[in-house]
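These are the residues of each chain, in order.
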Amino acid sequence: MNVALSVGLLNNNVAAAILYHIDRKNIDYVHKTTAWFISTIYKWFKLLTSRYEKLALSHFQDNIYTENITFLKEFNEIVYGITAVGDGKWKPFQSGLVHCTQTALDIQHEYLNKQNFKYLLLGRFTQDALENLFSTIHGRTSVPDAREFKQSLRLVSLSQFQANINRGNYSAVDIDHLVQYCTEIKLLENKNKSRHIQCLESIENEIWDDWDEELHTPLMRNEPLNNETQTALYYLTGALLHKIKKNYKHCTTCFNALVNTDTNSNDVNNNNLSLFTKLREYKKNVLYFPTMNVYNIIYKCEILFR
């Protein structure tokens with residue numbers, strides 16, 4: 001199984017896109033079941049491959065912990081209730097899903113409730129690291145014998161050698177590379193020292209040009225973007241604002257003037273372009289909804305550069 005392809009297909013974005021086209025009546029309402037199934041699988045996969053404290057199971061917020069545990073138990077019930085097409089018999093993939101989910105429930109109970117761990121990263125229990133190691137070894141020698149395997153394993157262990165394996169089906173593991181540790185620390189120190197200088201240089205190099213109707217209007221196409229493209233552009237505009245807020249210093253008052261802080265406002269609810277963003281938002285107040293003034297500027301830029 002190609003994990004990267006599966007993650008790209010069984011993704012919350014795909015589910016949101018299906019719901020969007022159902023709302024636009026481009027596809028039948030019956031496909032809402034498909035969107036629900038994709039969202040369920042996506043949430044299950046995110047929980048069982050959590051590698052960061054933000055997605056970890058913990059008792060820091062008992063309401064979220066209870067919600068996640070309840071979801072995993074209900075997921076097992078969903079798998080038990082699946083009837084396969086054809087002979088209707090129990091399939092191996094169902095056994096795998098139930099076994100994996102129940103193991104996660106048992107492990108979290110042991111470590112969180114008995115061993116009193118602060119949090120648990122279920123992604124650290126996967127075999128991705130082992131599979132990546134085997135992929136690296138097989139990338140050097142397709143069918144290694146015992147001696148070649150031992151030599152390759154020694155080389156990989158000592159040098160932490162890694163290469164992109166085109167034939168690999170497993171996602172990369174986000175581990176720390178001790179060999180590069182000193183180099184990364186030195187680069188980080190240099191970056192911190194020169195950050196102030198870089199900011200000053202970037203400010204000096206920025207040139208803000210006013211929109212020149214006489215110059216730019218002839219360059220713009222007369223064909224407007226269709227509604228689906230504008231919806232995607234609205235979502236990307238919100239993502240751009242999120243990056244700006246995260247990575248750059250800004251005035252809070254000025255930034256709030258660029259986004260709709262109240263997602264239940266009429267400006268958001270009555271805006272057809274915000275539908276996909278609302279469907280994409282699986283938690284409240286996570287995504288940004290730009291104002292129409294900001295979107296219109298981005299829209300002009302999109303038309304101009306097409």
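Just above, that's the structure.
Quantities reported herein were computed from a predicted structural model and do not represent experimental measurements.

Asks: I keep staring at the overall build of the protein chain and nothing clicks. Help me out?
Replies: Secondary structure assignment for the protein chain yields 14 helices and two strands. By the burial criterion, 28% of the 306 residues in the protein chain qualify as buried. Looking at the protein chain alone, contacts between residues at least 24 apart form 67% of all its contacts between residues at least 6 apart.

Asks: Quick question: what am I supposed to make of the packing of helix α4 (residues 62-80) against helix α5 (residues 92-114) here?
Replies: When two helices pack together, their arrangement is given by the angle between their axes and by how far apart the axes lie. The interhelical angle for the contact between α4 and α5, taken along N-to-C directions, is 155°, at an axis separation of 9 Å. Between α4 and α5, the crossing angle belongs to the class labelled roughly antiparallel. Handedness of the α4/α5 crossing: left-handed. On α5, the residues that touch Tyr65, Ile69, Leu72, Lys73, Phe75, Asn76, Val79 and Tyr80 of α4 are Gln94, Leu97, Val98, Thr101, Gln102, Leu105, Gln108, Leu112 and Asn113. Tallied by class, the residues present in the contact of α4 with α5 amount to ten nonpolar, six polar and one charged.

Asks: Can you help me understand the nonpolar core in this one?
Replies: Looking at soluble globular proteins, one finds that nonpolar side chains tend to be buried together. Formed by 19 residues in total, the largest nonpolar core has its most connected members in Trp44, Leu48, Leu72, Phe75 and Leu122. Counting only elements with at least two residues in this core, the list comes to α3 (32-48), α4 and α5. Once residues within four sequence positions are removed from consideration, Phe75 is found in contact with Thr40, Ile41, Trp44, Leu97 and Thr101.

Asks: Just to check I follow, could you spell out α5 for this structure?
Replies: Along an α-helix, residues three or four apart share an orientation, since each turn contains 3.6 residues. Between the first and last C-alpha of α5 there are 32 Å, a value that for 23 residues agrees with the 33 Å anticipated at 1.5 Å per step. Buried within α5 we find Gln94, Leu97, Val98, Thr101, Ala104, Leu105, Ile107, Gln108 and Leu112. Once α5 ends, the next one or two residues include Asn116, with phi positive near 60°.

Asks: How should I be thinking about helix α10 (residues 227-247) in this particular structure?
Replies: Here α10 is 21 residues long and its end C-alpha atoms lie 30 Å apart, about the 30 Å a rise of 1.5 Å per residue gives. The complete set of buried residues in α10 reads Gln230, Thr231, Leu233, Tyr234, Thr237, Gly238 and Leu241. Take α10 and look down its axis: the buried residues cluster within an arc of 165°, on one side only. Exposed positions of α10 whose direction lies more than 90 degrees from the buried face are Leu236, Lys246 and Asn247. Buried residues along α10 sit in contact with α2 (12-23), α11 (252-256), α13 (275-280) and α14 (292-305).

Asks: Would you take a moment to explain the environment of Arg124 for this structure?
Replies: If you trace the backbone, Arg124 turns up in the loop between β2 (119-120) and α6 (128-140). Sequence separation between Arg124 and Thr49 is 75 residues; the distance between their C-alpha atoms is 7.5 Å.

Asks: When you look at the packing of aromatic side chains in this model, what are you seeing that I'm missing?
Replies: Note on aromatic pairs: each is described by the distance of the centres and the angle between the planes. Tallied over the full model, the rule gives ten aromatic pairs. Both rings, one in Phe71 and one in Phe75, keep their centres 6.3 Å apart while their planes meet at 40°; by these two values the pair is tilted. With Phe71 and Phe75 both in helix α4 and four residues apart, this pair spans about one turn of that helix. The pair formed by Phe71 and Phe75 is uniform in burial state, with each residue classed as buried. A ring pair is formed by Tyr111 and Phe125, whose centres lie 6.2 Å apart and whose planes are at 50°; its orientation type is tilted. Placement of the pair is Tyr111 in helix α5 and Phe125 in the loop between β2 and α6, with a sequence separation of 14 residues. Each member of the aromatic cluster is reached from another via a ring pair, and the members are Trp44, Phe71 and Phe75. The ring of Phe71 has Lys43 lying over it, and the distance from NZ or CZ to the ring centre is 4.7 Å.

Asks: Please clarify how a positive patch on the surface should be interpreted in this entry.
Replies: Taken together, the side chains of Lys54, Lys243, Lys246 and Lys283 define a basic patch exposed on the protein surface. Note that Lys54 resides in the loop between α3 and β1 (57-58).

Asks: Which parts of the structure should I look at to understand the side chain of Thr237?
Replies: Positionally, Thr237 belongs in helix α10. Classification of Thr237 as buried rests on a relative accessible area of 2%. A polar contact of 2.7 Å, which involves the side chain of Thr237, links it to the backbone oxygen of Leu233. Those residues in contact with Thr237, other than ones at most four positions away along the chain, are Pro290, Val294, Tyr295 and Ile298.

Here is what the cut-offs are and how they apply
- Residues numbered from 1 in each chain as written.
- Predicted model: local features only at pLDDT ≥ 70, side-chain atom pairs only at ≥ 80, totals over all residues.
- Heavy atoms only, no water.
- Helix = DSSP H or I, 4+ residues; strand = E, 2+ residues; numbered from the N terminus.
- Buried < 20%, exposed > 50% of the residue type's maximum accessible area, 1.4 Å probe, protein only.
- Contact = heavy atoms within 4.5 Å.
- Axes fitted to C-alpha atoms, helices over the stretch in contact; angles between N-to-C directions.
- Parallel < 35°, antiparallel > 145°, perpendicular 65-115°, else oblique.
- Left-handed = near helix turned anticlockwise from the far one by under 90°.
- Nonpolar A, V, L, I, M, F, W, Y, C, P; charged D, E, K, R; others polar.
- Core = buried A, V, L, I, M, F, W, Y, C linked by side-chain atoms within 4.5 Å.
- Expected span 1.5 Å × (residues − 1).
- Arc of directions from axis to C-beta.
- Phe/Tyr/Trp six-rings, centres within 6.5 Å; stacked < 30°, edge-to-face > 60°.
- Lys NZ or Arg CZ within 6 Å of the ring centre and 35° of its normal.
- Patch = residues over 30% accessible without salt bridge, like charges linked within 9 Å, V, L, I, M, F, W, Y side chains within 5 Å.
- Areas by Shrake-Rupley, 256 points an atom, 1.4 Å probe, with all protein chains shown as cover.
- Salt bridge = Lys/Arg side-chain N within 4 Å of Asp/Glu carboxyl O.
- Lys, Arg positive; Asp, Glu negative; His and termini not counted.
- Charge placed at Lys NZ, Arg CZ, Asp CG, Glu CD.
- Polar contact = N/O pair within 3.5 Å; in protein donor to acceptor, adjacent residues only side chain to side chain.

By themselves these figures say nothing about function.
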